[in-house]
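So you can see what is in the structure, the chains are spelled out below.
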Amino acid sequence: MRRGKRRRDHFWREAKRWGYRSRASFKLIQINERFGVIREGYKVLDLGASPGGWLQVAKEIVGDRGTVIGVDILPIDPIEGVFTLKMDMRRPELVDRIMELTGGEKLDTVLSDASPNLSGNWSLDHARSIDLARTALRVSENLLKRGGNFVVKVFQGDMYNEFFEEVSDRFRFTKAYTPRASRKESAEIYVVGKELQI
Ligand SMILES: C[S@@+](CC[C@H](N)C(=O)[O-])C[C@H]1O[C@@H](n2cnc3c(N)ncnc32)[C@H](O)[C@@H]1O
């Protein structure tokens, strides 16, 4: 598919129309319609959040009583009412930085749409994606309330089943889901964990 054509699909045009920064916004909308992982008043952390399409959607849902925090190695242009941190999500001090922002209160939902820089080597990209997904799972264990929710993107490959089991061991309900807004040719899948049990 030609580059211009690839970018300007239905969800790209919808993102423009609704003022979202990325077509990825519709993936979170569809995940939330299906699983109800974010509700009004929730405290939400989004890992790998730039340019901020998921942050916009999360802020709309949680409203003024909720809190939304975005983390990325890349800058994120300001979004009213959203906190952003420019840092690598793998850094050990991340958990303390988030707790400072929430005044020590734990979170309702941790999201991660983080993607490694794609090399084109399938197994290397899969391994890097699993590494980021495991980081997001560790962060969620440290920061979620008991009963909290988790959504993470993974590129499918031979380590996927093991990772899915790791999420299942921690949440009451775990499901893999591909939103309609994911591109047909993409290997991405979202693992949704509801109600942290530990
Ligand atoms: C697909 S984009 C996220 C799009 C976002 N959900 C949105 O709706 O705008 C993936 C992001 O993951 C970020 N990322 C990759 N590795 C990271 C890391 N180690 N720490 C923080 N962010 C990372 C990338 O910089 C990139 O911005």
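Here's a quick rundown of the structure. (Residues numbered from 1 in each chain as written. Predicted model: local features only at pLDDT ≥ 70, side-chain atom pairs only at ≥ 80, totals over all residues. Heavy atoms only, no water.)

**Side note on the overall build of the chain**
Convention followed: Helix and strand labels come from DSSP, where a helix needs a run of H or I of at least four residues and a strand needs a run of E of at least two; each type is numbered from the N terminus. Each radius of gyration is computed over the set of C-alpha atoms, and the globule rule expresses the reference value as 2.2 Å times the number of residues to the power 0.38. Partly exposed describes any residue whose relative accessible area lies between the buried limit of under 20% and the exposed limit of over 50%, with all areas from a 1.4 Å probe on protein chains only and scaled to the type maximum. Contacts are assigned to residue pairs that have any heavy atoms within 4.5 Å of one another. Under the convention used here, a 1.4 Å probe and the Shrake-Rupley method define accessible areas, while residue burial counts only the protein chains that appear.
A count of helical and extended segments in the chain gives seven helices and seven strands. Counting from the amino terminus, the chain carries its helices and strands in the arrangement α-α-α-β-α-β-β-α-β-α-β-α-β-β. Computed over its C-alpha atoms, the radius of gyration of the chain comes to 16 Å, within 12% of the 16 Å expected for a compact globule of 198 residues. Among the 198 residues that make up the chain, the fraction classed as buried is 53%. Sequence-distant contacts in the chain: of pairs separated by 6 or more residues, those separated by 24 or more amount to 65%. Carbon together with sulfur atoms contributes 47% to the accessible area of the chain, which is approximately 10300 Å² in total.

**With respect to the environment of S140**
Looking at the element boundaries, S140 is found in helix α6 (residues 122-143). Residue S140 is classed as buried on the basis of its relative accessible area of 0%. When residues no more than four places from it in sequence are discounted, the contact partners of S140 are V110, F150, F171 and L196.

**A look at the site of the ligand**
This is how the line gets drawn: Put simply, a residue is near a molecule or strand once any heavy atom of it comes within 4 Å of that molecule or strand. Any N or O atom pair separated by 3.5 Å or less is treated as a polar contact, with the protein-specific requirement of one donor-capable and one acceptor-capable atom, and with residues adjacent in sequence counted only for side-chain atom pairs. Points on a 1 Å grid over protein atoms alone make up a cavity when a 1.4 Å probe fits among them but cannot get out, and a pocket when they form an open set with protein on both sides within 12 Å along at least five of seven lines; lining residues each have an atom within 4 Å of a point. Each molecule is assigned to a cavity or pocket provided more than half of its atoms lie within 2 Å of the corresponding grid points. Residue classes follow a fixed rule: Ala, Val, Leu, Ile, Met, Phe, Trp, Tyr, Cys and Pro count as nonpolar, while Asp, Glu, Lys and Arg count as charged, and any other residue, Gly among them, counts as polar.
Neighbouring the ligand are 21 residues; G53, D72, D88, M89 and D113 lie closest to it. Contact distances for the ligand include 2.6 Å between an oxygen atom and a side-chain N or O atom of D72. A distance of 2.9 Å separates a nitrogen atom of the ligand from a polar atom in the side chain of D88. In this structure, the ligand is accommodated by the largest pocket. Residues of the shell around the ligand, tallied by class, amount to ten nonpolar, six polar and five charged.

Interpretation note: all reported values are geometric properties and have no functional meaning in isolation.
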